[in-house]
Amino acid sequence: MSDLVAIVYPSEAKAEEVRQRLLRLQKEYLITISDAVIAVKTDSGGIKLNQLVNTTAIGAMTGSFWGLLIGVIFLNPILGVAVGAASGALGGALSDFGIDDAFMKELSASLNTGNAALFVLVKNMTADKVLKEIKEAGGTVLKTSLDDTKEQALRDALASAAKQPAA
């Protein structure tokens, strides 16, 4: 079972920095991430989602391949690629991978303009080592599906960074 963790940061750059740290920790097998999305509240009040996986591009690429293959069979590869890319891009744009987009936008509506929330869907992790790596970035817990003990440990770790004077 996966756990959802949403942490608010003062900027998109800070949220991206933490996401990159988590991806590095994943390469070290300290955490397994299903999805990691950054939601930013824009000046106009809208919510922009910075997905880890671009489903539209992947859909277009896959559709192009299958369109080319079918086009070669029917002796019109150019038309096959065009139709395949268009249908794949449409299918990719309509698909939702990982964390539900509507849920993230709803939670992010409470953010201040310019703030960013990092949503991470965690399959498993070595909590003490992961917390040690991300606590210095600070942040405020927006929502989690962790049990109370783990959530409090996360809140305490992030709060300790806020109390330390900047170097």
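Rules behind the numbers
For every chain, the first residue of the written sequence is number 1, and numbering continues from 1 along that sequence. At least 70 in pLDDT is required for a residue's local features to be given in this predicted model, at least 80 for side-chain atom pairs to be given and counted, and no such filter applies to totals for whole chains, interfaces and linings, which use all residues. Neither water nor hydrogens contribute to the side-chain values; these are computed over all heavy atoms in the structure. Site definitions follow a grid-based scheme: protein atoms alone, a 1 Å grid, a 1.4 Å probe that fits but cannot get out for cavities, and for pockets an open set with protein on both sides within 12 Å along at least five of seven lines, plus lining residues having an atom within 4 Å of a point. Grid points are joined across faces, edges and corners, and a volume is the space filled by probe spheres set on the points. In this text, helices come from DSSP runs of H or I with a minimum length of four residues, and strands from runs of E with a minimum of two, each type numbered from the N-terminal end. Throughout, the ten residues Ala, Val, Leu, Ile, Met, Phe, Trp, Tyr, Cys and Pro are labelled nonpolar, Asp, Glu, Lys and Arg are labelled charged, and all others, Gly among them, are labelled polar. Angles here are taken between N-to-C directions and fall from 0 to 180 degrees, while the axes themselves are lines fitted to C-alpha atoms, restricted in helices to the stretch in contact. By the definition used in this description, the sense in which the near helix is turned from the far one sets the handedness, with an anticlockwise turn below a right angle giving left-handed and a clockwise turn giving right-handed. The contact definition used throughout considers only heavy atoms, calling two residues in contact when any of these lie within 4.5 Å. To define a nonpolar core, start from buried Ala, Val, Leu, Ile, Met, Phe, Trp, Tyr and Cys residues and group those joined through side-chain atoms within 4.5 Å. Using a 1.4 Å probe on the protein chains alone, a residue whose accessible area is under 20% of its type maximum counts as buried, one over 50% counts as exposed, and one in between counts as partly exposed. Residues with no salt bridge and a relative accessible area higher than 30% make up the patches, which join like charges within 9 Å and nonpolar side chains (Val, Leu, Ile, Met, Phe, Trp, Tyr) within 5 Å. Note on areas: Shrake-Rupley, 1.4 Å probe, and residue coverage restricted to the protein chains presented here. The working definition used for a salt bridge is a side-chain nitrogen of Lys or Arg within 4 Å of a carboxyl oxygen of Asp or Glu. We call two strands paired when DSSP finds no fewer than two bridges between them.

- Named according to an unreviewed UniProt entry, the chain is DUF1269 domain-containing protein originating from Bradyrhizobium diversitatis.

### Description of the layout of surface pockets
If you roll a probe as big as a water molecule over the atoms, it shows you where there is empty space left.
Stage number 1. Of the pockets and cavities examined, the largest pocket occupies roughly 200 Å³.
Stage number 2. Lining the largest pocket are 16 residues, and of these V5, M125, L131, I134 and L154 lie nearest its centre.
Stage number 3. Of all elements in the fold, only β1 (3–9), β4 (116–125), α5 (127–134) and α6 (148–163) reach the threshold of two or more residues within the lining of the largest pocket.
Stage number 4. Split by residue class, the lining of the largest pocket holds 15 nonpolar, no polar and one charged.

### Overview of the packing of helix α1 (residues 12–27) against α5
Stage number 1. Their axes nearest at 10 Å, the elements α1 and α5 cross at an angle of 145°. The crossing of α1 and α5 is right-handed. Of the residues in α5, those in contact with V18, R21, L22, R24 and L25 of α1 are V130, E133 and I134.
Stage number 2. Here the contact of α1 with α5 is composed, by residue class, of five nonpolar, no polar and three charged.

### Digging into the nonpolar core
Stage number 1. Y9, V18, L22, I31, I33, L118 and L154 are the most contacted members of the largest nonpolar core, which totals 27 residues.
Stage number 2. Elements with a contribution of two residues or more to this core: β1, α1, β2 (31–41), β4, α5 and α6.
Stage number 3. Those residues within four positions of V18 in sequence are excluded, and the remaining contacts are Y9, L118, I134 and A137.
Stage number 4. A6, A39, I47 and A117 belong to the second-largest nonpolar core, a separate cluster that totals 13 residues.

### Focus: the side chain of S108
Stage number 1. Within the secondary structure layout, S108 lies in helix α4 (residues 101–108).
Stage number 2. Since its relative accessible area comes to 0%, S108 is described here as buried.
Stage number 3. The contact partners of S108, leaving out residues within four places of it in the chain, are A39, K41, I47, A117 and F119.

### Concerning the environment of A39
Stage number 1. Structurally, A39 can be placed in strand β2.
Stage number 2. Judged by relative accessible area, A39 falls into the buried class, the value being 0%.
Stage number 3. In this structure the C-alpha to C-alpha distance between A39 and A116, which are 77 residues apart in sequence, comes to 5.5 Å.
Stage number 4. Ignoring any residue separated from it by four or fewer positions in sequence, one finds A39 in contact with I47, K48, L49, S108, L111, N115, A116, A117 and F119.

### Some details on a nonpolar patch on the surface
Stage number 1. On the surface, F65, W66, L69, I70, I73 and F74 cluster together into a nonpolar patch covering about 690 Å² of accessible area.
Stage number 2. Tracing the backbone shows I73 in helix α2 (residues 55–73).
Stage number 3. I73 gets classed as exposed once you look at its relative accessible area, which sits at 59%.

### So, the pairing of β4
Stage number 1. Among the ten residues in β4, seven count as buried, and that is most of the element.
Stage number 2. When β1 meets β4, the two strands line up antiparallel, connected through seven bridges. Bridge pairing links Y9 to A116 in β4.
Stage number 3. Here nine bridges tie β2 to β4, and the two strands are oriented antiparallel to one another. Its bridge partner lying in β4, T32 is registered against N124.

### A short note on the pattern of salt bridges
Pairing between side chains becomes possible if they bear opposite charge and their charged atoms approach one another.
Stage number 1. Per the counting criterion, the structure on display carries eight salt bridges.
Stage number 2. Salt-bridge contacts for E12 lead to K48; the nearest nitrogen and oxygen are separated by 3.4 Å. Residue E12 is found in helix α1, and its partner K48 is found in strand β3 (residues 47–50); the two are separated by 36 residues along the sequence.
Stage number 3. E12 gets classed as partly exposed once you look at its relative accessible area, which sits at 25%.
Stage number 4. E28 is paired through a salt bridge with R24; the nearest N and O atoms lie 3.5 Å apart.
Stage number 5. By sharing partners, the salt bridges in this structure join K14, E17, R21 and E136 into a single network.

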